[in-house]
Amino acid sequence: MGTADVEAVWRIESARIVAALTRFTGDFGLAEDVAQEAVAEALVSWPLAPPANPAGWLMATARRRAIDAIRRRTALQDRYALLAAASAAGSAVDEEIDPDRIDDDVLALMFVSCHPVLSPEARVALTLRVVAGLSTEEIARAFLVSVPTVQARITRGKKTIAAAGVPFELPAAGERRERLGGVLSVLYVIFTEGSTATSGDRLLRPDVAYEAIRLARTLAALLPDEPEAHGLLALFELTAARFPARTGPDGSPVLLEDQDRRLWDVSAIRRGLAALARASARGLGPYGLQAAIAAVHASAPSVEETDWDRIVVLYEALGRVAPSPVVELNRAVAVAMASGPEQALAIVDELIAANRLPGSHLVPTVRGELLARLGRRPEARAELELAARLCANQRERSVLLRKAAALS
């Protein structure tokens, strides 16, 4: 077994292993550390002697390292004796992980990694590292930051959790719905960065987006009665379904109206619609409404045949339950398609007057498109050039500059 085999096992089993170790030791930071040490040991030993049960090998090795670490803490001798006795009871992974509790353990791990005491950056880093099993190098590449920056976020996050005394347990029923919003928002940030990178020379980072989908599937399976968990999964699946058509062979963006819809992933659309149906059964929240908008696009044979009136209504509903300037901007785009650019321009100008999205390239992008449709070419070109200056993603910037040049 080589490096790829170790990484594959870790990616699949990491959440279960770290969750079980956290319950075993009562120390989230220690659990993650010893799990990583076990992976490092596997990289050396597995090529020489492949284990029959790779997940069990990782668990047993990490458990031994945890016991050694606790034994070195002289103030915790009593806990060491307790853990050592537990270890003597059996070494197989099935004896260490209670199959009736493993789902709750993984869910608790998600809630700990996304705890409100952590900074948003730390929540994302810990979730990708501890729950998804990504390396610091992979996380750094995904968000275009340095490896030391990611390491610092993870280290600070673990220290913050320890200092705050965050218990490794599911939130109480009354608190769970509120805390779930934090978990969903972390997955949303991860997926959004994968579906439209905020910077760099790639429009898409599918590996990051698909990791968010994998985590969302896990969460929806663990919380079958939470409509927003299914709504978020539906949004991810329906958005990712368009990935194959969103870029050309050279990686350049392909706009929605120019996409070959035959390339859209029909299986992903089917999964997304099924998740949306589960969410709809209990009433749509913000993520479910966004998924419903994506579903309208997914079912339309072309931009012209899209039910834009329904999309406007859905954005109006979204604006009531989760008001934001981005929702208003997207509503303006839908209004332009349903009723014409003049009414949409008034919505955008209201956003500008209220300074709702300062510094964002999205506002001048939309305003430039609307002005171009109204025949106000010099103003449109100026807006698109401004959008290009504000845009950090090189692929998007090139499209904006090309559009601006066409208006000369």
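For the structure itself, look to the data block above.
Once a new chain begins, its residue numbering starts again from 1 and follows that chain's sequence as written. The predicted origin of the model limits local features to residues at a pLDDT of at least 70 and limits the giving and counting of side-chain atom pairs to 80 or more, whereas totals for whole chains, interfaces and linings rest on all residues. To get the side-chain values, take all heavy atoms of the structure and skip hydrogens and water.

Caption draft 1: How the structure looks around helix α16 (residues 308-321). When the terminal C-alpha atoms of α16 are compared, their 20 Å separation across 14 residues agrees well with the 20 Å that a helix rising 1.5 Å per residue should span. Type-normalised accessible area, obtained with a 1.4 Å probe on protein chains alone, sets the label of each residue: buried when under 20%, exposed when over 50%, and partly exposed for intermediate values. Counting from the N terminus, the helices are the DSSP runs of H or I reaching at least four residues and the strands are the DSSP runs of E reaching at least two. Listing the buried residues of α16 in full gives W308, I311, V312, L314, Y315, A317 and L318. We call two residues contacting when some pair of their heavy atoms lies within 4.5 Å. Tucked inside the fold, the buried residues of α16 contact α15 (286-299) and α17 (325-339). For a helix, the expected span equals 1.5 Å multiplied by the number of residues minus one.

Caption draft 2: Representation of unusual backbone geometry within the structure. The phi dihedral of N355 falls on the positive side, at around 55 degrees, and the residue is not glycine. Residue position: N355 is located in the loop between α18 (341-353) and α19 (362-373).

Caption draft 3: Inspection of the pattern of salt bridges at higher detail. Whenever a carboxyl oxygen of Asp or Glu lies within 4 Å of a side-chain nitrogen of Lys or Arg, that contact is scored as a salt bridge. Across all of its chains, the model carries 22 salt bridges by this definition. Among the salt bridges present, the one from E237 reaches R217, with a minimum N-O distance of 2.9 Å. With E237 in helix α12 (residues 227-240) and R217 in helix α11 (residues 206-222), the pair connects residues that are 20 residues apart, well separated along the chain. Relative accessible area serves as the criterion here: at 3%, E237 is assigned to the buried category. On the basis of relative accessibility, which here comes to 38%, the residue R217 falls in the partly exposed class. Three or more residues are tied together by salt bridges with common partners; here these are R11, E138, E211 and R214.

Caption draft 4: Main features of the nonpolar core. Judged by nonpolar contacts, the single largest core of 124 residues is most densely connected at L21, L58, L109, F191, L219 and F236. When near neighbours in sequence (up to four residues on either side) are disregarded, L109 contacts A15, V18, A19, T22, F28, V130, V131 and F168. In this description, a nonpolar core means a group of buried Ala, Val, Leu, Ile, Met, Phe, Trp, Tyr and Cys residues linked to one another through side-chain atoms lying within 4.5 Å.

Caption draft 5: Representation of helix α2 (residues 28-45). Here α2 contains 18 residues, and its C-alpha end-to-end distance of 26 Å stays within 8% of the 26 Å for a straight helix at 1.5 Å per residue. For α2, the complete set of buried residues consists of F28, G29, L30, A31, E32, V34, A35, A38, V39 and A42.

Caption draft 6: Just the side chain of R242, in detail. Looking at the secondary structure, you find R242 in the loop between α12 and α13 (243-246). Within the buried set, R242 has no salt-bridge partner at all; the shortest N-O distance to an opposite charge, 9.7 Å, is to E257. Contact partners of R242, with chain neighbours within four places excluded, come to L256, Q259, W264, A294 and H297. A residue counts as positive if it is Lys or Arg and as negative if it is Asp or Glu; His and the chain ends are not included.

Caption draft 7: Fine view of the packing of helix α8 (residues 136-143) against helix α9 (residues 147-164). In this analysis, axes come from line fits to C-alpha atoms, helices being fitted only over the stretch in contact, and the angle between any two N-to-C directions falls in the range 0 to 180 degrees. The contact between α8 and α9 brings their axes to 8 Å, and the two run at 110 degrees. Of the possible angle classes, the one that applies to α8 and α9 is roughly perpendicular. Crossing geometry of α8 relative to α9 is assigned as right-handed. Taking contact as the criterion, the partners of T136, E137, I139 and A140 in α8 are, on α9, V147, V150, Q151 and I154. Looking at the contact of α8 with α9, its residues break down into five nonpolar, two polar and one charged. Orientation is classified from the angle alone, with under 35 degrees giving roughly parallel, over 145 giving roughly antiparallel, 65 to 115 giving roughly perpendicular, and any other angle giving oblique. Left-handed describes a crossing in which the near helix is turned anticlockwise from the far one by less than a right angle; the clockwise case is right-handed. Under the scheme applied here, ten amino acids are nonpolar (Ala, Val, Leu, Ile, Met, Phe, Trp, Tyr, Cys and Pro), four are charged (Asp, Glu, Lys and Arg), and all others, including Gly, are polar.

This is a description of form; function is not addressed.
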